[in-house]
Amino acid sequence: MKKTVTLYPEAPVVDSLDLDALAPGTRTRYKVRLVTNAVGSWTWVPVMVARGCAPGPTVVVAAAIHGNELNGIPIVQRLFAGLEEDKLNGTVVGVPVMNVPSFLDNERVFPGGRDLNRLMPGTANGDNAEMYGHRLMSRIVNVADYMIDLHTASFGRVNSFYVRADMCHPVTARMAQLQQAQIVVHNEGADGTLRAAAMERGIYAITVEVGDPMRFQRGMIRDGLSGVRNVLADLGMIHQLSPEIDDDYVLCHKSFWIHSDAGGVLVVHSDLAEEVKEGQRIATLSNIFGDELKVFHAPEDGIVVGKSTNPVSPTGARVLHLGIAGAPENVCQIPPSLAARIE
Ligand SMILES: [Zn+2]
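Read on for an overview of the structure. Because the structure is a prediction, the values reported are computed rather than measured.

Topic: the nonpolar core
Inference 1: Ranked by size, the top nonpolar core spans 81 residues in total, and within it Leu17, Val45, Val47, Tyr132 and Leu136 carry the most contacts.
Inference 2: Considering every element that reaches this core, the biggest residue donor is helix 6 (residues 218–234), with seven residues.
Inference 3: Ignoring anything within four residues of it in the chain, the contact list for tyrosine 132 reads Leu34, Val35, Thr43, Val45, Met98, Asn99, Val100, Pro101, Phe110 and Leu116.
Inference 4: Residues Ile258, Ile282, Ala283 and Ala298 belong to the second largest nonpolar core, which totals 14 residues.

Below, the structure written as structure tokens:
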């Protein structure tokens, strides 16, 4: 029989997630309403919840808090397509789009220009973006024990498949390792990010950068999905063969962007995940007549985490995101599995 697909699927409209009200072994879709506009229309956030038959942790997988960073959307969708709630321990909450207004506008930032991922956890009594952020946190993210925040590079830039996580914390270090990424950057999380706001509330959170904005990339989506599933398996929530963790990712104790101190036309020569040596030529800036203005050199040995692909470069434009390999100072013992740590 032909499967009927509803173009506009009905889902319960709710003001917040109440996971305890869900029967074990069920799956539900919600529209969690957050804010209204001037004509009283709600902006709601799509949320998928699979509650397992057996108890276990709650993992939130969040995508597109920057509205044009799209590879996380099919990761959440495919994750749910493969979940079997009768064999699931614990609860998985998938949010394919966190920042709905920006997603609809094909924009990274919230209408009005605020970056939602710099103002988290928002404020209960703030401007439109701050209240949206606050409600995202209090109505959805707060249910999590663990969170994976899926991002991509910004417009005009490309990223390697890399993770940002506190590598001095055994849980987030293990979660990062399970992504099997090319690069892991130790970073405690800048103020205002969703990850930092979650960690502040005792939710173990990592940020996974899955490729480039405004497109779906098959390989990145497959790798990102595999990392999320590895975390669920490692927590004992789903049954799959234990992931073989290889240690051939490059761990960076810090990373930084190299900016251009002049305007011009930029060409970056280094490839993603390329290991560069101090003094190596990484980019060239020319004037609009084609004369070479400046050659950028790597300030120290490092690995290319991300880079600009946009030749149009005003003063201050980002050139290249350089990771510096090495373990962070307060290195932790990474547990053999997340489940082992819970027991
Ligand atoms: Zn982002």
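Notes on the pattern of salt bridges
Two side chains that carry opposite charge are able to pair once their charged atoms sit near each other.
Inference 1: According to the stated counting rule, one finds 13 salt bridges in the structure shown.
Inference 2: Here aspartate 115 and arginine 108 are joined by a salt bridge, their closest N and O atoms 3.2 Å apart.
Inference 3: Overall, the relative accessible area of 14% leaves aspartate 115 in the buried class.
Inference 4: Taking the shortest distance from any N to any O, the salt bridge between arginine 164 and glutamate 209 comes out at 3.0 Å. Of this pair, arginine 164 sits in strand 8 (residues 161–165) while glutamate 209 sits in strand 10 (residues 204–210), and the two are 45 residues apart along the sequence.
Inference 5: Glutamate 209 gets classed as buried once you look at its relative accessible area, which sits at 5%.
Inference 6: A single salt-bridge network, built from bridges that share partners, covers Glu69, Arg108 and Asp115.

Focus on unusual backbone geometry
Inference 1: Following methionine 120, the chain continues to proline 121 via a peptide bond in cis, the omega torsion being 10°.
Inference 2: You can see proline 121 is positioned in the loop between helix 2 (100–104) and helix 3 (128–139).
Inference 3: Unlike most non-glycine residues, methionine 214 shows phi in positive territory, near 60°.
Inference 4: Residue class for methionine 214 comes out partly exposed when judged on its relative accessible area of 37%.
Inference 5: Although it is not a glycine, alanine 273 adopts a positive phi angle of roughly 65°.
Inference 6: Structurally, alanine 273 is set in the loop between strand 12 (264–268) and strand 13 (275–276).

Conventions used here
- Residues numbered from 1 in each chain as written.
- Predicted model: local features only at pLDDT ≥ 70, side-chain atom pairs only at ≥ 80, totals over all residues.
- Heavy atoms only, no water.
- Core = buried A, V, L, I, M, F, W, Y, C linked by side-chain atoms within 4.5 Å.
- Buried < 20%, exposed > 50% of the residue type's maximum accessible area, 1.4 Å probe, protein only.
- Helix = DSSP H or I, 4+ residues; strand = E, 2+ residues; numbered from the N terminus.
- Contact = heavy atoms within 4.5 Å.
- Salt bridge = Lys/Arg side-chain N within 4 Å of Asp/Glu carboxyl O.

All quantities given are derived from atomic positions and should not be read as evidence of function.
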